[in-house]
Amino acid sequence: FVCLVFFLGMEKLIACPYKNPNALCRLICFPWAGGGTSQLAQWGKLFSSTVEVSCVRLPGRESRVKEPFVKDITTAVHEITSVLLKELQEKPFAFFGHSFGSYLSFAVTLHLKEKYGLEPIHLFISGAHAPNSEALLPIKSIPISEAKDEDVLKHIQILGGTPSELLQNEDIRKRLILTFREDLRVLQTFSFEKAENNTPLSCDITCFNGSEDKPHDLEAWHDLTSGDTSFYKLPGGHFYLLEPSNEVFLTKHITRCIENAGL
């Protein structure tokens, strides 16, 4: 019975279309605000046999569309860690997060380290400020409840990443606006204060950013780990990672980092 509950939790939360049980390492991806698993889960076919790729699916989208959205980041972190814990304990893992997914992956990493002494071998961050940066404060003060649908839509269009033909469909458009709004609300419940003289992590962190995206405060990631931090700019805007040439760079680079971790 316990196995069945675990399996159902896993199937709900995790999309892994290219299962690879003999992989040396699991790469778990965390999508952007309003996003689902369709793009990042497909990375599984781009990676070598050393890495199994899966993607986190939060409530309120895809096969979980009938479930209520999570209300805060702590709830999301607890669901993710409780479902994944057993898997994360049995094999090395790395996290990749883009934008909202970067903050969520960091929050999960922090929780795993503090509560279970577990850490990813590498944290890959994309299109996000360091969580200890002042630059995050304006995002936290967006009056999301008062924001009109058309303003949220405009913001989604500026960020890019959603094919315009999808936005022509009223149902899809409404759902995307709602999901984006709810994810932003979750992000606004995220708070992280770095304690004096405390470096919370020891894993290596790599930060990726689009060259045309608005600049993100990445330097402060240095203070969050005793491991190495490195930074890469790739051509494109906020959704630079959806460009096929950038996908190739990302998957090759992530594979190299994982394989160099000496598993």
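Residues numbered from 1 in each chain as written. Predicted model: local features only at pLDDT ≥ 70, side-chain atom pairs only at ≥ 80, totals over all residues. Heavy atoms only, no water.

Our focus in this paragraph is the overall build of the protein. Within the protein one finds eight helices and seven strands. Relative to a compact globule of 263 residues, whose C-alpha radius of gyration would be 18 Å, the protein shows 18 Å and is just as compact. Reported as C-alpha extents along the three principal axes, the dimensions of the protein are approximately 50 × 45 × 35 Å. A total of 263 residues make up the protein; the buried ones form 53% of that total. Pairs at least 24 apart in sequence give 79% of the contacts found in the protein among residues at least 6 apart. Carbon and sulfur atoms make up 54% of the accessible area of the protein, which totals about 12,600 Å². Distance between charge centres in the protein, computed from 26 positive and 32 negative side chains, equals 5 Å. (Helix = DSSP H or I, 4+ residues; strand = E, 2+ residues; numbered from the N terminus. Rg over C-alpha atoms; globule rule 2.2 N^0.38 Å. Buried < 20%, exposed > 50% of the residue type's maximum accessible area, 1.4 Å probe, protein only. Contact = heavy atoms within 4.5 Å. Areas by Shrake-Rupley, 256 points an atom, 1.4 Å probe, with all protein chains shown as cover. Lys, Arg positive; Asp, Glu negative; His and termini not counted. Charge placed at Lys NZ, Arg CZ, Asp CG, Glu CD.)

Here the UniProt-annotated "domain: Thioesterase" (unreviewed entry) positions come out as residues 26-254. Overall, residues 26-254 shows 37% helix and 15% strand. The separation of its end C-alpha atoms is 12 Å. (UniProt positions renumbered as here; feature names shortened; annotations may be inferred.)

Counted according to the given criterion, the structure contains 13 salt bridges. Two residues, Arg 64 and Glu 79, come together in a salt bridge whose shortest N-O distance is 2.8 Å. Residue Arg 64 is located in the loop between strand 3 (51-56) and helix 2 (73-90), and its partner Glu 79 is located in helix 2; the two are separated by 15 residues in the primary sequence. Of the two residues, Arg 64 and Glu 79, both sit in the buried class. Beyond isolated ion pairs, a larger network of salt bridges with shared partners links Lys 12, Arg 64, Glu 67 and Glu 79. (Salt bridge = Lys/Arg side-chain N within 4 Å of Asp/Glu carboxyl O.)

This part is about the state of the cysteines. All told, the structure shown has zero disulfides when counted by the stated rule. The structure places no disulfide on Cys 29, whose sulfur is separated from the nearest cysteine sulfur, that of Cys 55, by 5.6 Å. When its relative accessible area of 0% is taken as the criterion, Cys 29 is described as buried. In this structure Cys 207 is not part of a disulfide, and its nearest cysteine sulfur, from Cys 203, lies 11 Å away. (Disulfide = S-S within 2.5 Å.)

Below, the discussion takes up empty space enclosed by the protein. Within this structure, the stated rule accounts for one cavity of 30 Å³ or more. Of the pockets and cavities examined, the largest cavity occupies roughly 50 Å³. In terms of lining residues, the largest cavity is bounded by Pro 31, Trp 32, Gly 35, Gly 36, Thr 37, Val 56, Arg 57, Leu 58, Arg 61, Phe 100 and Asp 183. Of the residues assigned to the lining of the largest cavity, the class counts are five nonpolar, three polar and three charged. (1 Å grid on protein atoms, 1.4 Å probe; cavity = no way out; pocket = protein on both sides within 12 Å on 5 of 7 lines; lining within 4 Å. Points joined across faces, edges and corners; volume = space filled by probe spheres on them. Nonpolar A, V, L, I, M, F, W, Y, C, P; charged D, E, K, R; others polar.)

In this section: the environment of Gly 35. You can see Gly 35 is positioned in the loop between strand 2 (25-30) and strand 3. For Gly 35, a relative accessible area of 6% puts it in the buried group. Remark: the alpha-carbon pair of Gly 35 and His 98, spanning 63 residues in sequence, is separated by 10 Å. Look past the residues within four positions of Gly 35 in its chain and what remains in contact with it is Arg 61 and Asp 183.

This part takes up the side chain of Lys 91. Structurally, the position occupied by Lys 91 is in the loop between helix 2 and strand 4 (93-98). At a separation of 2.8 Å, a polar atom in the side chain of Lys 91 contacts the main-chain carbonyl oxygen of Pro 21. Setting aside its immediate chain neighbours within four residues, Lys 91 contacts Pro 21, Asn 22, Ala 23, Leu 24, Cys 25 and Arg 26. (Polar contact = N/O pair within 3.5 Å; in protein donor to acceptor, adjacent residues only side chain to side chain.)

Looking now at the packing of helix 5 (residues 149-159) against helix 7 (residues 170-187). Where helix 5 meets helix 7, the axes come as close as 10 Å, and the angle between the chain directions of the two elements is 85 degrees. Comparing the axis directions of helix 5 and helix 7 gives the class roughly perpendicular. Here Asp 149, Val 152, Leu 153, His 155, Ile 156 and Leu 159 of helix 5 come into contact with helix 7, specifically with Arg 173, Leu 176, Ile 177, Phe 180 and Arg 181. Partitioned by chemical class, the residues of the contact of helix 5 with helix 7 number seven nonpolar, one polar and three charged. (Axes fitted to C-alpha atoms, helices over the stretch in contact; angles between N-to-C directions. Parallel < 35°, antiparallel > 145°, perpendicular 65-115°, else oblique.)

This part takes up the packing of aromatic side chains. Inspection of every chain in the model, using the stated rule, returns 12 aromatic pairs. Note on Trp 43 and Phe 47: the rings are 6.4 Å apart at their centroids and 40 degrees apart in plane angle, and the pair reads as tilted. Phe 47 sits in the buried class, given a relative accessible area of 8%. On the basis of an interplanar angle of 55 degrees and a centroid distance of 4.9 Å, the ring pair of Trp 43 and Phe 96 is categorised as tilted. Of the two residues, Trp 43 sits in the loop between strand 2 and strand 3 while Phe 96 sits in strand 4, which places them 53 residues apart along the sequence. Overall, the relative accessible area of 1% leaves Trp 43 in the buried class. Feature note: the residues Tyr 103, Phe 106, Phe 190, Phe 192 and Trp 221 constitute an aromatic cluster, connected by ring pairs. (Phe/Tyr/Trp six-rings, centres within 6.5 Å; stacked < 30°, edge-to-face > 60°.)

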